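Inside the fold
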Amino acid sequence: MYGNKLSPLMLLYLNGNRNLKGLLNSEVPETLVDVLAANDRASEYVLNIVEAISNCSLYKPIAQKFANMGVVKDLMQILSEAENSQAIQVLACIEAIWNILEVGGKEVVDAMALEEIAIGLKKIFVKVIKQGFKMEDKWLRNELCILINYTLNSPLSHKYFLTKDVEDNMSFFEVLLKYATHDELVLQGELEEDDKLLFTSKEEDTEFKKLLWTSISSLIKEDTAKYIHKPLVDHKFITALAFYFGNDQTVFAAHRWQAPQLREMQLNALSVITNIIVIMPEEFRQVEGHKILIRFLSQYPDTERRLACSKAILNAARHEFFKKEFAEEGIMDILMDIIQNRKDNSLELREYAFQIFAQLCGNCRPNQKEFRRKGGIELIPVSYTHLTLPTNREV
């Protein structure tokens, strides 16, 4: 956005130009798709065809037209069959798919919810990780992760990520978990002694880790719980996430990453934990996750991390056994301090504190008594007095 106006690129996506409108009304899109489908993948013309598709896809109606004609499947086939992940054709295919998805919108993302596309993404993803050691390979790997996340935006695609592949007896979800947890489990001594770290703390690898977590989090839903529970347990996903929330700053995580990096990793980990608590509360309890969250909430003063942690605590507090354990760990004192300290804590954070209190006290007499004993009842009207109410003019 340029102020209140759309950017020139967004205007091109939506309105096109004279040439793109002319192409839309011609048979060029159909011809490109037909030639790509019929042509030998090794043909010298394939690159030109892919680049033409990529450029034409900058106009939304054409991008949607390409998707409806199934061109993404052909592009994915080129990707999965490529021997060299850095081949020009591979990079051109990724750009073309990217343009079709970004410009085409939700309809195009839903059109990508096909088994062939999930299989193709998995093949090229594993190949790039195993064979790619150059910086270009790492950026390609990250771009593939973005494509994966685009695909996962459609719930229609989820079943293909959860189905085991007959070739390696692993689902795409399990492959994502493998690389999302490996280094954290190695550092905690949870894997074999000869296992080595796969990734560094450099920007491209930390970005990859966050993209992996986003992909996994997209599949953590109540309706997929029966399919993902065992893989999450087998790969010790919660244990891997807990790595970023140590007792103090002597934890290796604090030395492996710079402070801004660690903060980003913690925020992303908390986002995933917020989802996973809903379907795996017992497993979260086994690693003393409730204690980790309380310690984290009191350890860091910045609003963003405390807010992310509060969202996770709120989801956890919906489970009866956490209500008592949160109270025993002193969460009420922390929440009272957040509510009373209006200077350092945002309104949103204080509102979350009240919501957590509501969950903790719901159908729990001991917590209700403790809340009353600590002056929580008297705190409610005092807190509302300090809210800024709208004037008649603002209303």
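Calculation notes
Residues numbered from 1 in each chain as written. Predicted model: local features only at pLDDT ≥ 70, side-chain atom pairs only at ≥ 80, totals over all residues. Heavy atoms only, no water. Helix = DSSP H or I, 4+ residues; strand = E, 2+ residues; numbered from the N terminus. Buried < 20%, exposed > 50% of the residue type's maximum accessible area, 1.4 Å probe, protein only. Contact = heavy atoms within 4.5 Å. Areas by Shrake-Rupley, 256 points an atom, 1.4 Å probe, with all protein chains shown as cover. Lys, Arg positive; Asp, Glu negative; His and termini not counted. Charge placed at Lys NZ, Arg CZ, Asp CG, Glu CD. 1 Å grid on protein atoms, 1.4 Å probe; cavity = no way out; pocket = protein on both sides within 12 Å on 5 of 7 lines; lining within 4 Å. Points joined across faces, edges and corners; volume = space filled by probe spheres on them. Nonpolar A, V, L, I, M, F, W, Y, C, P; charged D, E, K, R; others polar. Phe/Tyr/Trp six-rings, centres within 6.5 Å; stacked < 30°, edge-to-face > 60°. Lys NZ or Arg CZ within 6 Å of the ring centre and 35° of its normal. pLDDT = per-residue confidence, 0-100. Salt bridge = Lys/Arg side-chain N within 4 Å of Asp/Glu carboxyl O. Axes fitted to C-alpha atoms, helices over the stretch in contact; angles between N-to-C directions. Parallel < 35°, antiparallel > 145°, perpendicular 65-115°, else oblique. Left-handed = near helix turned anticlockwise from the far one by under 90°. Core = buried A, V, L, I, M, F, W, Y, C linked by side-chain atoms within 4.5 Å.

**A few points about the overall build of the protein**
- Looking only at helices and strands, one finds 25 helices and 0 strands in the protein.
- Sorting the 395 residues of the protein into buried and exposed places 48% on the buried side.
- Contacts in the protein between residues at least 24 apart in sequence constitute 73% of all its contacts with a sequence separation of at least 6.
- As presented, the protein carries roughly 20,300 Å² of accessible surface, and 51% of it is formed by carbon and sulfur atoms.
- Seen as two clouds, the 46 positive and the 55 negative side-chain charges of the protein have centres 6 Å apart.

**A word on empty space enclosed by the protein**
- All chains considered together, the criterion is met by 3 cavities of 30 Å³ or more.
- In this structure, the second largest cavity spans a volume of roughly 70 Å³.
- Around the second largest cavity, the lining is made up of 13 residues, and of these T200, K209, Y244, R256 and W257 lie nearest the centre.
- Sorting the residues of the lining of the second largest cavity by element identifies helix 12 (172-187) and helix 13 (203-219) as the ones contributing at least two each.
- Here the residues of the lining of the second largest cavity sort into 6 nonpolar, 2 polar and 5 charged.

**Overview of the packing of aromatic side chains**
- Summed over all chains, the structure comprises 14 aromatic pairs.
- Seen in terms of ring centroids, F321 and F322 are 4.7 Å apart; in terms of plane orientation they differ by 55°. Their pairing is tilted.
- Its relative accessible area of 22% is what places F321 among the partly exposed residues.
- Here the aromatic residues F125, F161, F172, Y179, F199 and F208 are joined through ring pairs into a cluster of three or more.
- Directly above the ring of F208 sits R141, whose terminal nitrogen or CZ lies 4.1 Å from the centroid.

**Structural notes on the confidence of the model for the protein**
- Per-residue pLDDT for the protein averages 88, and the proportion of residues at 70 or more is 91%.
- Taken together, the stretch residues 388-395 has pLDDT below 50 and engages in 2 contacts with residues farther than four places along the chain or on a different chain.

**With respect to the pattern of salt bridges**
- Scanning the entire structure with this criterion turns up 23 salt bridges.
- The salt bridge partner of D168 is K122, with a shortest N-O separation of 3.1 Å. With D168 in the loop between helix 11 (158-162) and helix 12 and K122 in helix 9 (residues 115-131), the pair connects residues that are 46 residues apart, well separated along the chain.
- Judged by relative accessible area, which is 38%, D168 ranks as partly exposed.

**Brief notes about the packing of helix 7 (residues 88-104) against helix 10 (residues 135-152)**
- Their axes nearest at 11 Å, the elements helix 7 and helix 10 cross at an angle of 30°. Here helix 7 lies roughly parallel to helix 10, going by the angle between them. Note that helix 7 runs across helix 10; the crossing there is left-handed. Contact residues: helix 7 offers V90, L91, I94, I97, W98, L101 and E102, while helix 10 offers L140, E143, L144, I146, L147 and Y150.
- Of the residues belonging to the contact of helix 7 with helix 10, the class tally is 11 nonpolar, no polar and 2 charged.

**Some words on the nonpolar core**
- F125, L232 and F237 are the most contacted members of the largest nonpolar core, which totals 117 residues.
- It is helix 17 (residues 259-279) that contributes the most residues to this core, 10 residues altogether.

**Some points on the side chain of K127**
- Assignment of secondary structure puts K127 in helix 9.
- Classification of K127 by relative accessible area gives buried; the value is 18%.
- The contact partners of K127, leaving out residues within four places of it in the chain, are S80, E81, A82 and G132.

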